[in-house]
Amino acid sequence: MSFTYHRDALSNGLRVVTVETPHLHTALLAVYVRAGSRHETPANNGVSHFLEHLFFRGSEGWPDTVRMNSAVEEVGGNLNGVTTRDHGYYYTPLHPAHLDVGMAILGDMLTRPRLTDMEVERSIILEEMLDEVDEKGRDIDIDNLSKRALFPEHSLAFKIAGTRESVSRLTHAQVLEHFARHYVTGNLVVTAAGRVQREQVLELVHRHFSGLPQGPASQDVPPPPTPRGPRLHVVTHDEAQTEFRLSFRTVPEHHPDWPALQLLRRFLDDGLSSRLPFEIVEKRGLAYSVHASLEAFHDAGIFEIEAASAPERASLVVAETFRVLGELATQCVTEEELTRAKRRHRMLLEFSQDSPGELSGWFGGTELFRAPESFGQRADWVDAASAEQVRAVARRYFARDNLTVVAVGQRKGIKALEKVVDAAEALPSAR
């Protein structure tokens, strides 16, 4: 194995993940926190993302943000942060000889933030949110619309950045309360990957995260079942193309059906020779591109297919997608196609072992929710899936009853799209 993986916990409950890859010439530090938009309410929606912005306004030890960033940049780093629906993370690559600099700054940012300049950051976030709305203020972001349709009345439907109304009303007290509740030892994982050593990492984490208060992991309310399909939600928007996403509720990564779902994703979208790009783009020229992906939360999963086309072709693209999905649900793939997908899956897992970022996300990010499996275990699970198992899983999830479609585009072609989605002829019905 090209790396050595360690899981540790300090006496205060803070988890530390170290992935030693001594053959690499780089390192990456990342701190994962189980705090995202699903941990919010309508009254404070957007506070996790707002807090992410405020961390970069400086800390007690680094009140000058220019000095804070230049100190990291001088050792090969670049401070960054990301907020998602179920977690956030803060990270920097850096030279392995200067691990102490990155850990000192990340530790101070996340344990002693100043949390100042709220009005400046509020203005920046409101500008950032303009990308997701049209000139009337309506949400036209396909991911926001899709999550709202899949998880109505649940916090997974909340926008990550919040709404214009919720962000405008956020108070300093709400930010402080969110920080105090979620940035605690049981809710964070500190990760180091690359040319690092476990003993040094543990010593640095102990030194620079000792101020983190003790507390438990965030608790999540499981999402209810998605309303029965097929369903179509349309937002009319005057653009040259109609953008659409087909979504099917599935399962989390640790579910026995996940390996087959990963193979299905590869059959559908894993290069120009795979089924959707070949049938829709190369063979019929109905769209410029089409993509399939899997999104997983610890208690739910989604299989998504996304494309954009001329408005009058949207119904043709969706109908062809249904046909391709229906074939996978009714016919077993050939052994040649199955072997190719498994080989590709194993190869790409091997490639990721040369990336500190991939290693950090795999082991550190997963640690927030459960103990991660190894790359070899994941590859073996996928290799064990049979063609019949894959067909059965396709039939289980690619069912018309499990279908949610969201489209954003001109009125032209919408009637035809409604007819195709309502019929969903090629898809099986749930049993």
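Read on for a plain summary of the structure. Keep in mind that what you see is a predicted model, and the values were worked out from it rather than measured. (Residues numbered from 1 in each chain as written. Predicted model: local features only at pLDDT ≥ 70, side-chain atom pairs only at ≥ 80, totals over all residues. Heavy atoms only, no water.)

Attention now moves to the overall build of the protein. Along its length, the protein carries 16 helices and 11 strands. Radius of gyration (C-alpha) of the protein: 23 Å, near the 22 Å computed for a compact globule of 431 residues. Considered along the principal axes of its C-alpha atoms, the protein spans approximately 60 × 50 × 35 Å. Sorting the 431 residues of the protein into buried and exposed places 55% on the buried side. Counting contacts in the protein only where the partners sit at least 6 residues apart, residues at least 24 apart contribute 80% of the total. Carbon and sulfur atoms provide 51% of the accessible area of the protein, an area that totals close to 18600 Å². A gap of 5 Å separates the mean positions of the 48 positive and 60 negative side-chain charges of the protein. (Helix = DSSP H or I, 4+ residues; strand = E, 2+ residues; numbered from the N terminus. Rg over C-alpha atoms; globule rule 2.2 N^0.38 Å. Buried < 20%, exposed > 50% of the residue type's maximum accessible area, 1.4 Å probe, protein only. Contact = heavy atoms within 4.5 Å. Areas by Shrake-Rupley, 256 points an atom, 1.4 Å probe, with all protein chains shown as cover. Lys, Arg positive; Asp, Glu negative; His and termini not counted. Charge placed at Lys NZ, Arg CZ, Asp CG, Glu CD.)

Let us look at the pattern of salt bridges. Taken as a whole and judged by the stated rule, the model has 41 salt bridges. The closest approach of N and O atoms between aspartate 220 and arginine 34, which form a salt bridge, is 3.0 Å. Within this pair, whereas aspartate 220 is found in the loop between α8 (198-208) and β7 (231-236), its partner arginine 34 is found in the loop between β3 (27-33) and α1 (47-55), the two being separated by 186 residues in sequence. The class for aspartate 220 is buried, based on a relative accessible area of 16%. Among the ionic pairs, arginine 112 bridges to aspartate 108, the shortest N-O distance being 2.8 Å. (Salt bridge = Lys/Arg side-chain N within 4 Å of Asp/Glu carboxyl O.)

Here we take up the pairing of strand β10 (residues 300-309). Among the 10 residues that make up β10, eight are buried, leaving the element largely enclosed by the rest of the structure. Pairing analysis gives nine bridges linking strand β8 (residues 242-250) to β10, with the strands arranged antiparallel. From the neighbouring strand, threonine 250 faces β10, where its bridge partner is glycine 301. In terms of strand pairing, strand β9 (residues 290-297) meets β10 through eight bridges, oriented antiparallel. Across the sheet, valine 290 pairs through a bridge with alanine 307, a residue of β10. Connecting β9 to the next strand, β10, in antiparallel fashion are two residues. (Pairing = 2+ DSSP bridges.)

Now for the sheet that holds β10. Read from one edge of the open sheet, five strands run β7-β11-β8-β10-β9, paired in mixed fashion. Of all strands in the sheet, those with a lone pairing partner are β7 and β9, marking the two edges. When the angles between neighbouring strand axes are averaged without regard to direction, this sheet yields 15°. Both β8 and strand β11 (residues 403-409) contribute to a ladder of six bridges, which runs antiparallel. Its bridge partner lying in β11, arginine 245 is registered against valine 406. The sheet contacts of helix α9 (residues 258-268) involve β8, β9 and β10, and relative to β9 the element is tilted by about 160°. (Axes fitted to C-alpha atoms, helices over the stretch in contact; angles between N-to-C directions.)

Another point: the nonpolar core. Ranked by size, the top nonpolar core spans 47 residues in total, and within it Leu246, Leu264, Phe267, Leu268, Phe303, Ile305 and Leu403 carry the most contacts. In terms of residue count, the dominant contributor to this core is helix α11 (residues 314-330) (eight residues). Beyond its immediate stretch of four places on either side in the chain, isoleucine 305 contacts Phe244, Arg245, Leu246, Leu268, Leu276, Val290, His291, Ala292, Thr321 and Leu325. Listed in part, the 46 residues of the second largest apolar core include Val16, Val31, Leu110 and Val196. (Core = buried A, V, L, I, M, F, W, Y, C linked by side-chain atoms within 4.5 Å.)

Moving on, we come to the packing of α9 against helix α15 (residues 387-397). Here α9 crosses α15 at 85°, and the two axes come no closer than 9 Å. Here α9 lies roughly perpendicular to α15, going by the angle between them. Of α15, the residues touching α9 (which contributes Ala260, Leu261, Leu263, Leu264 and Phe267) are Gln389, Val390, Val393, Ala394 and Tyr397. When the residues that make up the contact of α9 with α15 are grouped by side-chain class, the tally is nine nonpolar, one polar and no charged. (Parallel < 35°, antiparallel > 145°, perpendicular 65-115°, else oblique. Nonpolar A, V, L, I, M, F, W, Y, C, P; charged D, E, K, R; others polar.)

As for its placement among the helices and strands, serine 218 is situated in the loop between α8 and β7. Separated by 2.9 Å, the side chain of serine 218 and the backbone oxygen of arginine 34 make a polar contact. There is a polar contact of 2.8 Å between the side chain of serine 218 and the side chain of histidine 182. Among residues more than four places away in sequence, those in contact with serine 218 are Arg34, His39, His182 and Asn187. (Polar contact = N/O pair within 3.5 Å; in protein donor to acceptor, adjacent residues only side chain to side chain.)

Another aspect to go through is the pairing of strand β2 (residues 15-20). It is a general feature of regular strands that their side chains alternate between the two faces of the sheet. Among the six residues of β2, six are classified as buried, and the element is accordingly described as predominantly covered. As judged from the six bridges shared by strand β1 (residues 4-9) and β2, these two strands associate in the antiparallel manner. Along β2, the bridge assignment pairs aspartate 8 with valine 16. The turn linking β1 back onto β2 is made up of five residues, and glycine 13 within it adopts a positive phi angle of 100°. The pairing of β2 with strand β6 (residues 188-194) spans six bridges and is parallel. For valine 16, the partnering residue across the bridge sits in β6 and is valine 190.

For the rest of this paragraph, the subject is the packing of α9 against α11. The interhelical angle for the contact between α9 and α11, taken along N-to-C directions, is 135°, at an axis separation of 12 Å. It follows that α9 is oblique to α11 by the angle criterion. Like other packed secondary-structure pairs, α9 and α11 cross with a definite hand, here right-handed. Of the residues in α11, those in contact with Leu264, Phe267 and Leu268 of α9 are Val324, Leu325 and Leu328. The residue inventory of the contact of α9 with α11, partitioned by class, reads six nonpolar, no polar and no charged. (Left-handed = near helix turned anticlockwise from the far one by under 90°.)

Another aspect to go through is the layout of surface pockets. In this model, the largest pocket occupies a volume close to 1200 Å³. Lining the largest pocket are 39 residues, with Glu253, Trp258, Leu294, Ala296 and Arg378 positioned closest to its centre. Breaking the lining of the largest pocket down by element, the ones donating at least two residues are α9, β9, α12 (335-352), α13 (356-367) and α14 (375-383). Residue contributions to the lining of the largest pocket peak at six residues, all from α13. Across the lining of the largest pocket, the residue classes break down as 15 nonpolar, 12 polar and 12 charged. (1 Å grid on protein atoms, 1.4 Å probe; cavity = no way out; pocket = protein on both sides within 12 Å on 5 of 7 lines; lining within 4 Å. Points joined across faces, edges and corners; volume = space filled by probe spheres on them.)

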